[in-house]
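Listed here are the chains, written in short residue letters.
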Amino acid sequence: MSKQIKHYLGDKDVQIILGTLLRVGVLVSTAVVLLGGIIFMVTQSNHIVSFSEFKPEQAKFSSVADIIKGLKTFDGLAIIQFGVLLLIFTPIARVVFSIFSFLMEKDYMYVIIGIIVLCVIITSLYLDVAH
Amino acid sequence: MTVLLFTIIVLVGAFLAGLVGSLTGLGGGVIIIPLLTLGLEVDIHYAIGASIISVIATSSGSAAAYVKEGITNVRIGMFLEIATTLSAIVGVIIATYMDANYIIVVFGLILLFSAFMMLKKKIDHSNNEKTSVLANYFKLNGSYPTEGGVQQYAVHRVMGGFAMMFVAGTLSGLLGIGSGALKVIGMDNIMKIPFKVSTTTSNFMIGVTAAASALVYLHKGQIDPAIAMPVTIGVIAGATLGAKILIRTKTDKLKVIFAIVVTILALQMIYKGLTGNA
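Residues numbered from 1 in each chain as written. Chains lettered and ligands numbered in written order. Predicted model: local features only at pLDDT ≥ 70, side-chain atom pairs only at ≥ 80, totals over all residues.

**Overview of the overall build of chain A**
Of regular secondary structure, chain A possesses 4 helices and 0 strands. Along chain A, helices and strands appear, N-terminal first, in the series α-α-α-α. When burial is assessed residue by residue, chain A has 36% of its 131 residues classed as buried. (Helix = DSSP H or I, 4+ residues; strand = E, 2+ residues; numbered from the N terminus. Buried ≥ 20, exposed ≤ 12 C-beta atoms within 10 Å, placed from the backbone.)

See below:
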């Protein structure tokens, strides 16, 4: 019984770090999106928009490389997209964090399972599905 | 429509979506997509891209609040994520080749189903009979703290749950939603995981699954920053407020009203898809 409680307390520490990680991830990405949004509104709020037709060829920031390139010119939309990217990476960071905590517990089966999940996500990063 | 007007409308809509989504447990995605497609004539591809971002935002945001209770079973989550992430990518690939009108019809049907599941009384099937060989092998059985001590629970029908997660992941990738309703069926009904564990664990999985599909959607040009910006800010603000109100509000009546609204939206989506207006 005492062993179980100890195990639970260990998990609790991990959970608290995780909670902080998630909160920081959401806060930072929202702040970046907000910053980009303000720049975008200041520079382009009078422009006319229409999203009634899907035009993937016109997407300016559809890869990590393009987003980083856009950041250098301080483009509002690129900054928004960078914030979106940070938001996407928040749950992925949670997976990476879990793999390390399994490693510390010497639970190698779950280290491998975690790596499999991470590999699937990394594949999605490079998967180019033509439309 | 000017950028300013579009941004304000989406911001208000996303705020309400995040608020009601967190109060009723339905999540933001199921409201963001009808708002954008029916209300603002946004193409379904962009609506899905914006929705998947709102799903990640609400998942990570509420997970941070859940974590204090310390009952997510990371092993169950990680194990089932093999199914949900793989199938999410399958879902995105299917979406690439599927007619947009059919996607809208499927979305309407899932919306109807979610409204039904929201009203259905949930029954906790959990017990501690460690009979599943796979659950023992993959160390899925766990425990959580209660006022009366540590409560042990056993996980059942691992293959069935895994299969259900494959369906949930496919729909998540196809429609840009969290598929919370299907994950609940997989975890509560099939695998007999107690509520206290299944809610937070499913939330963990929703974020990771959505991240996998979001990356593919980004590459396909479906995530437009001009839509993602008001959606992200609105949903996070709404969900944060919702989580604060939730502690001291009864949501039964709200759920009924919301189920009616969702049903009407679902029927409109199905009609839109069937008449080929996409």
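**Details of the overall build of chain B**
On a plain count of helices and strands, chain B comes out with 11 helices and 2 strands. Its C-alpha atoms give chain B a radius of gyration of 18 Å, within 12% of the compact-globule value 19 Å for 278 residues. Split into buried and exposed, the 278 residues of chain B put 61% on the buried side. Here the analysis covers contacts within chain B between residues at least 6 apart in sequence; of these, 81% occur between residues at least 24 apart. (Rg over C-alpha atoms; globule rule 2.2 N^0.38 Å. Contact = placed C-beta atoms within 7 Å.)

**Concerning the interface of chain A and chain B**
With 59 residues of chain A in contact, the opposing surface of chain B contributes 58 residues. Secondary-structure elements contributing two or more residues to the side of chain A that touches chain B are α1 (2–44), α3 (76–104) and α4 (108–126) of chain A. The element that contributes the greatest number of residues to the side of chain A that touches chain B is α1 of chain A, accounting for 20 residues. When grouped by side-chain class, the residues that make up the side of chain A that touches chain B number 33 nonpolar, 20 polar and 6 charged. (Nonpolar A, V, L, I, M, F, W, Y, C, P; charged D, E, K, R; others polar.)

**Looking at helix α9 (residues 195–219) of chain B**
The end-to-end C-alpha separation of α9 of chain B is 36 Å, in line with the 36 Å expected for 25 residues at 1.5 Å each. Directly after α9 of chain B, the chain includes Gly221 of chain B, whose backbone phi takes a positive value near 80°. (Expected span 1.5 Å × (residues − 1).)

**Quick look at the nonpolar core**
Of all hydrophobic cores here, the largest spans 121 residues; its most connected members are Ile53, Ile56, Ala211 and Ala214 of chain B. Per element, the largest residue contribution to this core is 13 residues, and it comes from α9 of chain B. Setting aside chain neighbours within four positions, we find Ile53 of chain B in contact with Val84 and Leu87 of chain A together with Ala214, Ile223, Ala228, Val231 and Thr232 of chain B. (Core = buried A, V, L, I, M, F, W, Y, C linked by C-beta atoms within 7 Å.)

**Observations concerning helix α2 (residues 29–40) of chain B**
Residue and element names in this part refer to chain B. With 12 residues, α2 extends 16 Å between its outermost C-alpha atoms, agreeing within 8% with the 16 Å of an ideal straight helix rising 1.5 Å per residue. The element α2 is extensively covered by neighbouring structure, given that 9 of its 12 residues are classed as buried. Turning to α2, its buried residues number three or more, namely Gly29, Val30, Ile31, Ile32, Ile33, Pro34, Leu35, Leu36 and Thr37. One or two positions beyond α2, positive phi appears at Glu41, with a value near 55°.

**Points about the packing of α3 of chain A against helix α10 (residues 225–246) of chain B**
Between α3 of chain A and α10 of chain B, whose axes approach to 9 Å, the crossing angle comes to 55°. The orientation of α3 of chain A relative to α10 of chain B falls into the category oblique. Remark: the crossing between α3 of chain A and α10 of chain B carries left-handed chirality. Of α10 of chain B, the residues touching α3 of chain A (which contributes Leu77, Ile80, Gln81, Val84 and Leu87 of chain A) are Pro225, Ala226, Ala228, Met229 and Thr232 of chain B. Looking at the contact of α3 of chain A with α10 of chain B residue by residue, the classes come out as 8 nonpolar, 2 polar and no charged. (Axes fitted to C-alpha atoms, helices over the stretch in contact; angles between N-to-C directions. Parallel < 35°, antiparallel > 145°, perpendicular 65-115°, else oblique. Left-handed = near helix turned anticlockwise from the far one by under 90°.)

**Focus on the confidence of the model for chain A**
Should the pLDDT be low somewhere, the predicted coordinates at that spot are not to be read in detail. Residues and elements named next belong to chain A. Here chain A shows a mean pLDDT of 86. Residues at 70 or above account for 88%. By mean pLDDT, α1 is the weakest element of chain A at 79, and α3 is the strongest at 94. pLDDT under 50 marks residues 1–9. Its contacts with residues more than four places away, or in other chains, come to 5 contacts. (pLDDT = per-residue confidence, 0-100.)

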